[in-house]
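Now for the letters of each chain:
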Amino acid sequence: MLIKIARPGDLHESDVTPESIYLSRRRFMGGMVGLGAGLALSGQTRAASDYADVPEGDAPAWLKEKIDATRWQAVTPSDPEQDRVAPFDDASGYNNFYEFGSGKSDPARHAGSLETQPWSVVVDGEVNNGGRLALEDLARPSQFEERIYRLRCVEAWSMVIPWLGIPLAEVIRRAEPTSKARYVRFETLVDPEQMPGQRSSFALIDWPYVEGLRLDEAMHPLTLLALGMYGRELPNQNGAPLRLVVPWKYGFKSIKSIVRISLVAEQPVNSWQRIAPDEYGFYANVNPEVDHPRWSQATERRLPNSLFNPNTIDTRMFNGYADDVAGLYAGLDLRKHY
Ligand SMILES: Nc1nc2c(c(=O)[nH]1)N[C@H]1C(S)=C(S)[C@@H](COP(=O)(O)O)O[C@H]1N2
Ligand SMILES: [Mo]
């Protein structure tokens, strides 16, 4: 197992960052390893002790075991100045999760009581090996990996978050898609008793929250099913116990608290597309050249920031993952298929 215990000399940059976790040029440059579709993995590894400041979670025994066996070998963003990992308090305190309200602090305030154990996920549709899987059975055959990704919200803010999880591709392969499967459709839990946003008569969303990917996007090695972040299980406000992370797409594609994964023949209609099809499309690839009808997508506020340091940075094509994913969209008009 590749666990590196951090040596004191490794940590000097952390002196000037708010957290003991940071990304360094050395870590990224050190021994790049190619994987799958040219995916750049850092040869450096991180220690679980990098997360010493993060509050301990309350994961069930099976999940703790999986987390302890994580391959601490991150896919990292590339800019050591801009791409600092956000403090845990920001990543778990500033959220979008409309099931718990539409304010950024509503999820942290209201999601704590969500019952996430036991949890099961229905895998169905165009598959030969579907069914209802206990979460531990869905996760067990795969090794956990850490992925440090940029998350770029369509609202033009972003954070760098270290996720823990398993490639979605492995779950899909085990389901044995039929030849008719061309898309993957995801659903979030519907439970108005536990989710106050689903009781509100002002809610825009027609529950459940739905998302979708093309099958090749779903099979891409960057696409992660996350069960944890910052070396622990997911806080409920971040989509416990299971959420999608698709780092080259706007954050709304990364659906939380998933209860159903369906392989389907037709392109799913995702929740935001249903609400405002002129503003939110199916693809939702991060693209600084295609503005939202009501605001520019050319820049973003990298969090944490402040009034005195707005920390506005340029948005990158495919959120900086173009080398890995641009090929998926060859020949597609990205202005039309936003
Ligand atoms: N079920 C569900 N999933 C969701 C959302 C939501 O409201 N409901 N919001 C999305 C949006 S808009 C973003 S930006 C990300 C935010 O993830 P984070 O809170 O972990 O940063 O979750 C996405 N997943
Ligand atoms: Mo978002």
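Residues numbered from 1 in each chain as written. Chains lettered and ligands numbered in written order. Predicted model: local features only at pLDDT ≥ 70, side-chain atom pairs only at ≥ 80, totals over all residues. Heavy atoms only, no water.

A few points about the site of ligand 1
- In the vicinity of ligand 1, 17 residues are found, and the nearest of them are Asn95, Tyr98, Glu99, Ser254 and Lys256.
- For ligand 1, a nitrogen atom lies 2.9 Å from a polar atom in the side chain of threonine 188.
- Lysine 256 is positioned with one of its side-chain polar atoms (N or O) 2.7 Å from an oxygen atom of ligand 1.
- Against a free-state accessible area of 540 Å², the protein chains account for coverage of 99% of ligand 1.
- Partitioning the shell around ligand 1 into residue classes produces eight nonpolar, six polar and three charged. (Near = heavy atom within 4 Å. Polar contact = N/O pair within 3.5 Å; in protein donor to acceptor, adjacent residues only side chain to side chain. Areas by Shrake-Rupley, 256 points an atom, 1.4 Å probe, with all protein chains shown as cover. Nonpolar A, V, L, I, M, F, W, Y, C, P; charged D, E, K, R; others polar.)

With respect to the pairing of strand β3 (residues 120-125)
- Bridge count for β3 against strand β4 (residues 131-134) is four bridges, and the pairing is antiparallel. Its bridge partner lying in β4, valine 123 is registered against glycine 131.
- As paired elements, β3 and strand β12 (residues 258-264) share four bridges and run parallel to each other. When the bridges of β12 are listed, aspartate 124 appears paired with serine 262. (Pairing = 2+ DSSP bridges. Helix = DSSP H or I, 4+ residues; strand = E, 2+ residues; numbered from the N terminus.)

Focus on helix α6 (residues 168-175)
- Burial in α6 covers these residues: Leu168, Ala169, Val171, Ile172 and Ala175. End-on, the buried residues of α6 take up no more than an arc of 160°, which puts them together on one face.
- Looking at the residues trailing α6, positive phi occurs at glutamate 176, about 55°. (Buried < 20%, exposed > 50% of the residue type's maximum accessible area, 1.4 Å probe, protein only. Arc of directions from axis to C-beta.)

Things to note about the sheet that holds β4
- Strand order across the open sheet formed by five strands is β4-β3-β12-β7-β8, with mixed pairing between neighbours. The open sheet has two edge strands, β4 and β8 (210-214), and neither has a second partner. Ignoring strand direction, the axes of neighbouring strands in this sheet form an average angle of 20°. (Axes fitted to C-alpha atoms, helices over the stretch in contact; angles between N-to-C directions.)

A word on the side chain of glutamate 217
- The residue glutamate 217 is located in helix α7 (residues 215-219) in this model.
- There is a polar contact of 2.9 Å between the side chain of glutamate 217 and the backbone nitrogen of arginine 214.
- In terms of polar contacts, glutamate 217 uses its side chain to reach the side chain of tyrosine 329, at 2.5 Å.

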